[in-house]
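Residue-level structural notes
This is what each chain is made of:
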Amino acid sequence: MERYIEQFYMSFCSNYEIFAISLEKHNINLNIPKNNIFSLDEKINNSFIAKIKKLFFRSKNIAKFCNKNNIDVSISHGDIANLFNILSKLF
């Protein structure tokens, strides 16, 4: 997935300002300028209740990040990632 994100960035960075957002805190090793990479620093918790809470908190955090950085369009990549993007439009 990292190579796809890099390819996406290289294809569109000359026409658009593009940010990469990682949901969980870990070492992000992308060939993208470091000032365009952000992390929501979520802690990994796999309990059922934590997953339900994460659904709303992650969506809200994505919405806050997009509002703060004047991001009009967000594109998700990964397992069920677009669900969080859709829900973030509610906040």
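Residues numbered from 1 in each chain as written. Predicted model: local features only at pLDDT ≥ 70, side-chain atom pairs only at ≥ 80, totals over all residues. Heavy atoms only, no water.

1. Things to note about the overall build of the chain
The criterion, for reference: Helix and strand definitions follow DSSP, with helices as H or I runs of at least four residues and strands as E runs of at least two, each counted in order from the N terminus. For the accessible areas, the method is Shrake-Rupley and the probe is 1.4 Å, while residue cover comes only from the protein chains on display.
Looking only at helices and strands, the chain has three helices and two strands in total. Element order for the chain, N to C, with α for helix and β for strand: α-β-β-α-α. Carbon and sulfur atoms make up 55% of the accessible area of the chain, which amounts to about 7000 Å² in all.

2. A word on unusual backbone geometry
To keep things clear, this is the line we draw: Categorising residues by exposure relies on relative accessible area from a 1.4 Å probe, with only protein chains included: less than 20% of the type maximum marks a residue as buried, more than 50% marks it as exposed, and the intermediate range marks it as partly exposed.
The backbone of Asn 70 sits at a positive phi, close to 55°, despite the residue not being glycine. For Asn 70, a relative accessible area of 64% puts it in the exposed group.

3. Observations concerning the layout of surface pockets
Remark: the empty space left among the atoms is shown by a probe the size of a water molecule rolled over them. Test applied: Both site types are read off a 1 Å grid over the protein atoms alone. A 1.4 Å probe that fits but cannot get out defines a cavity, while an open set with protein on both sides within 12 Å along at least five of seven lines defines a pocket; lining residues have an atom within 4 Å of a point. Grid points are joined across faces, edges and corners, and a volume is the space filled by probe spheres set on the points. Three classes are used: nonpolar for Ala, Val, Leu, Ile, Met, Phe, Trp, Tyr, Cys and Pro, charged for Asp, Glu, Lys and Arg, and polar for all others, with Gly counted as polar.
One number sums up the size of the second largest pocket: a volume of about 200 Å³. Contributing to the lining of the second largest pocket are Glu 42, Lys 43, Asn 45, Ala 50, Lys 53, Lys 54, Phe 57, Arg 58 and Asn 61. Of all the elements, helix 2 (residues 48-68) adds the most residues to the lining of the second largest pocket, at six residues. Partitioned by chemical class, the residues of the lining of the second largest pocket number two nonpolar, two polar and five charged.

4. Things to note about the packing of aromatic side chains
We count it as follows: Any pair of Phe, Tyr and Trp rings, taking the six-membered ring for Trp, is counted once the centres come within 6.5 Å. Such a pair is stacked with planes under 30 degrees apart, edge-to-face with planes over 60 apart, and tilted for the rest.
As enumerated under the stated definition, the model contains six aromatic pairs in all. Centre to centre, the rings of Phe 8 and Phe 12 are 4.9 Å apart; their planes meet at 45°, and the pair counts as tilted. In this pair, Phe 8 and Phe 12 both sit in helix 1 (residues 2-12), four residues apart, roughly one turn of the helix. Between the aromatic rings of Phe 19 and Phe 38, the centroid separation amounts to 5.5 Å while the plane-to-plane angle is 55°, which identifies the pairing as tilted. Taken together, the positions of Phe 19 in the loop between helix 1 and strand 1 (20-24) and Phe 38 in strand 2 (residues 37-42) put the pair 19 residues apart, joining distant regions of the chain. Members of the aromatic cluster, connected to one another through ring pairs, are Tyr 4, Phe 8, Phe 12 and Tyr 16.

5. Some thoughts on the confidence of the model for the chain
Operational definition: A score between 0 and 100, pLDDT records how confident the predictor is in each residue.
Confidence in the prediction of the chain, expressed as mean pLDDT, is 78, and 84% of residues score 70 or more. The weakest mean pLDDT in the chain belongs to helix 3 (residues 81-88) at 68; the strongest belongs to helix 1 at 86.

6. Points about helix 2
To keep things clear, this is the line we draw: Take the residue count of a helix, subtract one, and multiply by 1.5 Å to get its expected span. Take the seven residues that end at a residue and the seven that start at it, fit an axis to each, and the angle between those axes is the bend at that residue.
If you check helix 2, its first and last C-alpha atoms are 30 Å apart, about what 21 residues at 1.5 Å a residue would give, namely 30 Å. Largest kink in helix 2: about 30°, centred on Lys 54. Asn 70, located one to two residues past helix 2, shows a positive phi value of around 55°.

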